[in-house]
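Summary of structural features
Read off the chains here:
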Amino acid sequence: MAVGDVTYTDMLGGRVTFTQTDPSTVRMAGQFNEGFDDPDARVLLYVGDLPAADGLDIKIITPGTAAFEYDYEDVTIIEFTDVPIRVIADNEVIAIGDPTVPAE
């Protein structure tokens, strides 16, 4: 594990990327381009067994979302590697992505 390590997954016509930005912070950045039809739905994003990103407000621009970004604190990239991502909108699972893979 080192600052600059990256893991990602492609889903919902977009990509979610995780980057180790310092020894204990991982930044998530992404955007979805399909799968959303209710612009007022509340979106939750779960990475592996971690709780939903607290305070992440994903704006829906049908059929996708605006770009989003969130910093996870007190974690390392290992916790974001080879794990699935679940996207939930208004308590309904929209998608479960393939496990994240390290960037080459």
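Please refer to the structure placed before this passage.
Read on for an overview of the structure. Everything numeric in this text was worked out from a predicted model, so none of it was measured.

What follows covers the nonpolar core. If you look at the biggest cluster of nonpolar residues, it comprises 28 residues, and the most contacted ones within it are Phe-18, Met-28, Phe-32, Leu-45 and Tyr-72. The set of elements that each furnish at least two residues to this core consists of β2 (14-22), β3 (25-31), β4 (43-47), β7 (68-73) and β8 (85-89). Contact partners of Phe-18, with chain neighbours within four places excluded, come to Asp-5, Val-6, Thr-7, Val-26, Arg-27, Met-28, Val-47, Tyr-72, Ile-77, Phe-80, Ile-85 and Thr-100.

Glancing now at the pattern of salt bridges. If charged atoms from side chains of opposite charge come close, those side chains can pair. Evaluated as defined, the whole model comprises 3 salt bridges. Residues Arg-15 and Asp-10 are paired through a salt bridge, measuring 2.5 Å at the closest nitrogen-oxygen approach. Here Glu-69 and Arg-27 are joined by a salt bridge, their closest N and O atoms 3.8 Å apart. Taken together, the residues span a long stretch of sequence, with Glu-69 in strand β7 and Arg-27 in strand β3 at a distance of 42 residues. According to the relative accessible area criterion, Glu-69 is exposed, its value standing at 53%. When its relative accessible area of 31% is taken as the criterion, Arg-27 is described as partly exposed. Via salt bridges that share partners, Arg-27, Glu-69 and Asp-71 belong to a single interconnected network.

Pairing within the open sheet is antiparallel, and its 3 strands lie in the order β4-β8-β9. Sheet topology places β4 and β9 (92-96) at the edges, where each strand pairs with a single neighbour. Across this sheet, the average inter-strand angle for adjacent strands is 25°, counted without regard to direction. Relative to β8, β4 runs antiparallel, the two sharing 5 bridges. The partner of Tyr-46 across the bridge, within β8, is Arg-86.

Rules of the game
Per chain, the residues get numbers from 1 upward, laid out in the order the sequence is written. Totals for whole chains, interfaces and linings use every residue, but because this is a predicted model, local features are given only for residues with pLDDT of at least 70 and side-chain atom pairs only at 80 or more, for both listing and counting. Calculated side-chain values reflect all of the structure's heavy atoms, with hydrogen atoms and water omitted. In this text, buried Ala, Val, Leu, Ile, Met, Phe, Trp, Tyr and Cys residues form a nonpolar core when linked through side-chain atoms within 4.5 Å. Buried means the residue's accessible area, taken with a 1.4 Å probe over protein chains only, is under 20% of the maximum for its type, while exposed means over 50%, and partly exposed covers the values in between. Here a helix means four or more residues in a row that DSSP labels H or I, a strand means two or more in a row labelled E, and each is numbered from the N terminus. Throughout, a contact is declared for two residues whenever any of their heavy atoms are within 4.5 Å. One speaks of a salt bridge when a side-chain nitrogen belonging to Lys or Arg is within 4 Å of a carboxyl oxygen belonging to Asp or Glu. The criterion for strand pairing is that DSSP finds at least two bridges linking the strands in question. As a rule, the C-alpha atoms of each element are fitted with a line to give its axis, helices using only the stretch in contact, and angles between N-to-C directions run from 0 to 180 degrees.

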